[in-house]
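One letter stands for each residue in the lines below.
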Amino acid sequence: MKNELNVNELEQVAGGIANPDEELYITRQGDTLWGIAQARKTTMDVIFRRNKAEIMAWAHKFGKRSNNEADYMNWLWVGERLYVPRLR
């Protein structure tokens, strides 16, 4: 029996986004972590740390693996569900 929740399961248990300062962003063609961070007036590192499990899961799904965590910041695919700072 699996004792872990993925991001989607956790969201369902929590009833949605728990932090009112965040919103869900679904990646589109051409998105980069840098571009998303610039648009949200934050850093790649902030977005990556918040979404590390999701980003790494998608990378692994598409056969990308690295011992260097920074490499994962360069790998995004259309449809990833990332929590990002809310635009005000």
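As a convention, each chain's residues are numbered from 1 in the sequence order in which they are written. Side-chain atom pairs in this predicted model are given and counted only at pLDDT of 80 or more, local residue features only at pLDDT of at least 70, and totals for whole chains, interfaces and linings cover all residues. To get the side-chain values, take all heavy atoms of the structure and skip hydrogens and water.

Student: Would you explain the nonpolar core in this entry?
Tutor: Nonpolar side chains tend to gather and get buried jointly when the protein is soluble and globular. Among the buried residues, those of types Ala, Val, Leu, Ile, Met, Phe, Trp, Tyr and Cys that are joined through side-chain atoms within 4.5 Å form a nonpolar core. With a 1.4 Å probe rolled over the protein chains alone, any residue whose accessible area is under 20% of its type maximum counts as buried; one over 50% counts as exposed, and the rest are partly exposed. If you look at the biggest cluster of nonpolar residues, it comprises 16 residues, and the most contacted ones within it are Leu 33, Ile 36, Ile 55 and Leu 82. In terms of residues, this core owes the most to one element, helix α3 (residues 44-61), which gives five residues. By the convention used here, residues are in contact when the closest approach between their heavy atoms is within 4.5 Å. Excluding residues within four positions of it along the chain, Leu 82 makes contact with Glu 23, Leu 24, Tyr 25, Thr 27, Leu 33, Ile 36, Asn 51, Glu 54, Ile 55 and Leu 76. The numbering of helices and of strands both runs from the N terminus, where a helix is a DSSP run of H or I of at least 4 residues and a strand a run of E of at least 2.

Student: What should I look at first to understand α3 in this one?
Tutor: Because an α-helix packs 3.6 residues into every turn, residues spaced three or four apart end up facing the same way. An expected span of 1.5 Å times one less than the residue number is assigned to each helix. Here α3 is 18 residues long, yet its end C-alpha atoms lie only 21 Å apart, well below the 26 Å a rise of 1.5 Å per residue gives. Within α3 the residues assigned to the buried category are Ile 47, Phe 48, Asn 51, Glu 54, Ile 55, Trp 58 and Ala 59.

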